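A closer look at the structure
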Amino acid sequence: MGEPPVTDVAVQVLDQQLLDCRTRHCGRVDDLEIELGPDGEPFIRWLLIGPSARRRRLRHLNRWLPRRGRPGLVRVPWSQVDERKEAIVLRDRASVLGLEGEDGGILRWLRRLPGS
């Protein structure tokens, strides 16, 4: 039994939490890059993470989306996906994939709060 159709996978993957191999939160899947294979069948090539990907997918809401954080786009190869359950678990560490800053800023801010 092969991989389910790309449309089914896309629905399951978009907006899911990303965890690296150490279960560190490293963002959410904001968009996907899909290509056609040699057989003409579509396949997912990249997970796209970051504000630029989110804005591209939600073009019709751009006017109302806050422009927080630094603009950016991180492309993670689909081959890095290890598991797809409640969250998308990646095979490598967030820092290796360029995702280190996704929750780092929030964590630094939370650590400055009294009592944390």
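Our structure is the block above this text.
Residues numbered from 1 in each chain as written. Predicted model: local features only at pLDDT ≥ 70, side-chain atom pairs only at ≥ 80, totals over all residues. Heavy atoms only, no water.

Quick look at the nonpolar core
- Val13, Leu18, Leu47, Val76, Ile88, Leu90 and Leu99 are the most contacted members of the largest nonpolar core, which has 20 residues in total.
- Those elements giving two or more residues to this core turn out to be α1 (6-13), β4 (42-49), β5 (74-77), β7 (88-90) and α3 (94-97).
- For this core, the leading source of residues is α1, giving 4 residues.
- Ignoring sequence-local partners within four residues, the contact set of Val13 consists of Val29, Leu32, Leu47, Trp78, Arg84 and Ile88. (Core = buried A, V, L, I, M, F, W, Y, C linked by side-chain atoms within 4.5 Å. Buried < 20%, exposed > 50% of the residue type's maximum accessible area, 1.4 Å probe, protein only. Helix = DSSP H or I, 4+ residues; strand = E, 2+ residues; numbered from the N terminus. Contact = heavy atoms within 4.5 Å.)

Details of the pairing of β4
- Sheet analysis places strand β3 (residues 31-36) next to β4, joined by 6 bridges and oriented antiparallel. What sits directly across from Leu36, in β4, is Pro42.
- The turn joining β3 and β4, which pair antiparallel and follow one another in sequence, is formed by 5 residues; a positive phi near 85° is taken by Gly40.
- Pairing of β4 with β5 involves 4 bridges; the strand directions are antiparallel. Its bridge partner lying in β5, Leu48 is registered against Arg75. (Pairing = 2+ DSSP bridges.)

What about α1?
- Listed as buried for α1 are Val6, Val9, Ala10 and Val13. The buried residues of α1 occupy an angular sector of 105° when projected down its axis, which confines them to one face. When the buried face of α1 is taken as reference, the exposed residues oriented beyond 90 degrees from it are Thr7 and Val11.
- After α1 finishes, the residue Asp15 shows a positive phi value of roughly 70°. (Arc of directions from axis to C-beta.)

With respect to the sheet that holds β5
- Spatially, the 3 strands line up as an open sheet ordered β3-β4-β5, and their pairing is antiparallel. Every interior strand has two partners, whereas the edge strands, β3 and β5, have only one. Strand after strand, the sheet turns through a mean of 35° between neighbouring axes, direction not considered.
- Helix-sheet contacts for α1 involve β3 and β4, and the interaxial angle to β4 is about 20°. (Axes fitted to C-alpha atoms, helices over the stretch in contact; angles between N-to-C directions.)

So yeah, pure geometry; function would need other evidence.
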